[in-house]
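Here is what each chain is made of, one letter per residue.
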Amino acid sequence: MAISEFEQHRLESILKKFCDEKGPPAHIRDQLQWGFRVDPDQQTVELFEIRPYFMDASRKIESKFAKAAYVKTSKTWKIYWMRGTGNWTKYAPCPKMKTIEEFLKVVKEDEFHCFFG
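Throughout what follows, the structure given in this document is the object of discussion. Owing to the predicted nature of the structure, the values given are computational and were not obtained by experimental measurement.

## Brief notes about the nonpolar core
Counting residues in hydrophobic clusters, the biggest one holds 25 residues, and the most contacted among them are Leu47, Ile100, Phe103, Val107 and Phe115. Those elements giving two or more residues to this core turn out to be α1 (5-22), β1 (33-39), β2 (44-53), β3 (56-71), β4 (76-82) and α2 (100-109). Those residues in contact with Phe103 that sit more than four places away from it in its chain are Leu47, Ala66, Lys67, Ala68, Ile79 and Met97.

## Concerning a positive patch on the surface
Taken together, Lys75, Lys90, Lys96 and Lys98 make up a surface patch of like positive charges. Here Lys75 lies in the loop between β3 and β4. By relative accessible area, Lys75 is classed as exposed at 57%.

## Some details on the pairing of β3
A regular strand carries its side chains on alternate faces of the sheet. For β2 and β3, the ladder comprises ten bridges, and the chain directions are antiparallel. Looking at β3, one finds that Arg51 is bridged to Ile61. Where β2 hands over to β3, the hairpin turn is made up of two residues, counted between the paired strands. In the sheet, β3 pairs with β4 via six bridges, with the strands oriented antiparallel. Residue Ala66 lies in a different strand from β4, and its bridge partner there is Trp81. The antiparallel pairing of β3 with β4 creates a hairpin that spans four residues between the two strands, and Lys75 there sits at a positive phi of about 55°.

## Thoughts on the pattern of salt bridges
Applying the stated criterion across every chain, the model contains eight salt bridges. A salt bridge links Lys64 to Glu46; the nearest nitrogen and oxygen atoms lie 3.6 Å apart. Of this pair, Lys64 sits in strand β3 while Glu46 sits in strand β2, and the two are 18 residues apart along the sequence. You can call Lys64 partly exposed: its relative accessible area is 34%. On the accessibility criterion, Glu46 (11% relative accessible area) is buried. Between Arg51 and Glu49 there is a salt bridge, with its nearest N and O atoms 3.0 Å apart. One network of salt bridges, in which partners are shared, links Arg37, Glu46, Glu62 and Lys64.

Reading guide: rules and limits
- Position labels on residues start from 1 in each chain and follow its written sequence.
- This being a predicted model, a pLDDT of at least 70 is required before a residue's local features are given, and a value of 80 or more before pairs of side-chain atoms are given or counted; all residues contribute to the totals for chains, interfaces and linings.
- Hydrogens are left out, water is left out, and the side-chain values use all remaining heavy atoms of the structure.
- Take the buried Ala, Val, Leu, Ile, Met, Phe, Trp, Tyr and Cys residues and link them wherever side-chain atoms come within 4.5 Å; each set so joined is a nonpolar core.
- Three labels apply to residues, based on accessible area from a 1.4 Å probe with only protein chains included: buried if under 20% of the type maximum, exposed if over 50%, partly exposed otherwise in between.
- Runs of H or I in DSSP of at least four residues are treated as helices and runs of E of at least two as strands, each being numbered from the N terminus.
- In what follows, a contact means two residues having at least one pair of non-hydrogen atoms within 4.5 Å.
- Nonpolar side chains (Val, Leu, Ile, Met, Phe, Trp, Tyr) are joined into patches within 5 Å and like charges within 9 Å, using only residues with over 30% relative accessible area and no salt bridge.
- Using a 1.4 Å probe, accessible areas were evaluated by the Shrake-Rupley method; residue-level cover was limited to the displayed protein chains.
- Put simply, a salt bridge is a Lys or Arg side-chain nitrogen that is within 4 Å of an Asp or Glu carboxyl oxygen.
- Charged residues are defined here as Lys and Arg on the positive side and Asp and Glu on the negative side; His and the ends of the chain fall outside this count.
- The atoms used to mark charge sites are NZ of Lys, CZ of Arg, CG of Asp and CD of Glu.
- Strands are treated as partners if at least two bridges between them are detected by DSSP.

This is how it looks when you write it as structure tokens:
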């Protein structure tokens, strides 16, 4: 079952605020910024960096670094980080969270240097 339209808007609002406040400073946002994607059908949220492609600055590339997948039966968010191999890996220190705010707190703190290296 998909995330409701109301919940999607709530998530987008929370994620936009997070990216604006915790992302790169405003003076370098033409070179690096954070973005997010909410997929209501897959019940996932992804965070990624957006930067110019080094061989063609007019092109932008996205580098995903964090993902949360909602499990309705347990009402939890499973947390993943992107490995250098390009595969999502379950975030072992705390694989599940109750809220999206908790997920964002774990990403921000990045205690084990999985999300930002």
